[in-house]
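# Observations on chain architecture
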Amino acid sequence: MNEKYEPLFKSLKLPNGVEVKNRFVLAPLTHVSSNEDGTISDIEIPYIEKRSKDVGISLTAASYVEPLGQAFPGQPSVSKEEDLPGLTKQAEVMKKNGAKALIQIHHGGAMSLPGLTPTGEAAAPTEVAVQGFGQKEKHTARELTVEEIEHSIESFANATKIAIDAGFDGVEIHGANHYLIHQFFSPYYNRREDEWGDHLKYPLAVVEAVTKVVREHATPDFIVGYRFSPEEVESPGISMELTEELVKTLSEQPIDYLHVSLMDIHSTTREGQYKGEQRVKLLLHWINGRVPLIGIGSIFTADDALAAYETGAPLIAIGRELLLDHQFVSKIEQGKEDEIVSVFDPERTDKHELPEPLWKQFNAGFYPLPRTDEKASNTK
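Residues numbered from 1 in each chain as written. Predicted model: local features only at pLDDT ≥ 70, side-chain atom pairs only at ≥ 80, totals over all residues. Heavy atoms only, no water.

The protein chain appears in an unreviewed UniProt entry as NADH-dependent flavin oxidoreductase from Mammaliicoccus fleurettii.

## Quick word on the sheet that holds strand β9 (residues 139-143)
Stated precisely, the cut-off is as follows: Strands are labelled as partners when DSSP assigns at least two bridges between them. Here a helix means four or more residues in a row that DSSP labels H or I, a strand means two or more in a row labelled E, and each is numbered from the N terminus.
Strand order in the open sheet formed by 3 strands is β7-β9-β8, and the pairing between neighbours is mixed. Each edge of the open sheet carries a strand with a single partner, namely β7 (123-124) and β8 (128-130). Strand direction decides the pairing type here: β7 and β9, joined by 2 bridges, are parallel. Looking across to β9, one finds that alanine 124 is bridged to glutamate 143.

## What to know about the nonpolar core
As a reminder, the rule being used: To form a nonpolar core, buried Ala, Val, Leu, Ile, Met, Phe, Trp, Tyr and Cys residues must be joined to one another through side-chain atoms within 4.5 Å. In this scheme, a residue with accessible area under 20% of its type's maximum is buried, one over 50% is exposed, and one in between is partly exposed, where area comes from a 1.4 Å probe on protein chains only.
Phe24, Ile105, Tyr202, Tyr226 and Leu258 are the most contacted members of the largest nonpolar core, which totals 99 residues. No other element matches the 9 residues that helix α3 (residues 146-166) contributes to this core. Among the nonpolar cores identified, the runner-up in size contains 15 residues, and Ala27, Ile57, Ile223 and Tyr257 belong to it.

## A closer look at the pairing of strand β12 (residues 257-260)
Worth spelling out the cut-off: Here, the term right-handed applies to a crossover whose path from the first strand over the helix to the second runs clockwise when the strands point away from the viewer.
Across the two faces of β12 the burial is the same, with Tyr257 and His259 and Leu258 and Val260 all buried. Pairing analysis gives 4 bridges linking strand β11 (residues 223-228) to β12, with the strands arranged parallel. Bridge pairing in β12 places tyrosine 226 opposite leucine 258. Viewed along the sheet, the connection from β11 through helix α6 (residues 240-250) into β12 turns out right-handed. When β12 meets strand β13 (residues 293-296), the two strands line up parallel, connected through 2 bridges. Residue pairing in the sheet places histidine 259 in a bridge with isoleucine 294 of β13. In this fold, the crossover linking β12 to β13 by way of helix α7 (residues 279-287) has right-handed handedness.

## Focus: the packing of aromatic side chains
To describe a pair of aromatic rings, you give the distance between the ring centres and the angle between the ring planes. Here is the rule: Note on aromatic pairs: the rings of Phe, Tyr and Trp (six-membered ring only in Trp) are paired at centre separations within 6.5 Å, and the planes decide the class, stacked below 30 degrees, edge-to-face beyond 60, tilted for the rest. Only when the NZ of Lys or the CZ of Arg is both within 6 Å of the ring centre and within 35 degrees of the ring normal is a charge said to sit over the ring.
Under the defined criterion, the tally for this structure stands at 14 aromatic pairs. One aromatic cluster is present, formed by Phe72, Phe133, Tyr179, Phe344, Trp359, Phe362, Phe366 and Tyr367 through successive ring pairs. Here lysine 201 stacks its cationic end above the ring of tryptophan 196, 4.8 Å away from the centre of that ring.

Have a look at this one:
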């Protein structure tokens, strides 16, 4: 290994004492490849096994905690007893080579697809029109009742118990990317006038419900993380000033890491008093070493990974690049970083070793990628 990359392979101890073998994290990636009922499909297992092999933490695709929260076709479920056998098998292959296997627990809220939910509708903190995955036109999500809000929180707790029973090493609470927890935190989506109009109330209620289940049913080494989006383009939306409040509050909760959702790890703040400042630098300042931060965004080469680590983020999530080349981490470790595949090749005969439904999404441009229209020299 080139010695400059050695810091990426140092272990890291989480607040609960768990040691992660290196600084790489498999990002949670939508794969549209689960069975229609949300159970884990046969094609998911080799896909996730290959991409978990070399990382320190491996995250599943966003997995819905109740059927009203399904936001993608082929999305995995962590909502019912029937999910357990497939999830158990998934957890086994994810952690067989030393990665910590975490399931990302998720509710689509407004972004749920009406064609996939039991009642044919989506529901959100307040009524809102949105365009979900694969939709050509917007749909209108109705407002959740108080009883439905409370049930959704219970669903996150139930999903955590299923994850424990399936043998996962932890869960990541999905509070990012315009899904339900994000929506409650956002002034754009949450215009309620009852107690749930408090933008911190719902995220903290989910954290409390999840960590309560962990205390009661898991061992002390069970990991709980939380993913968030620091800003949104909607107005009035989530600002870095609001995110400062969120991050400082979450850093005091019994969780083991925070995970910022970014398209570019070096991105700067869009507006407000922190305009032009690097988001990761601000987040690290606010967290003040209380929990590790996972950084992510536009990492396609070994030098990209090193530059990401040098932002100060102690853990680096790799998403689209591990779809392109599941040997990304091992090639760096073996001194073969020049052999890394960092460009999507639609002519590649092995289809980047992706499940067929995900390969089709790649070709349709669902994931923004460096790509070539010519057959790559390293095509198998």
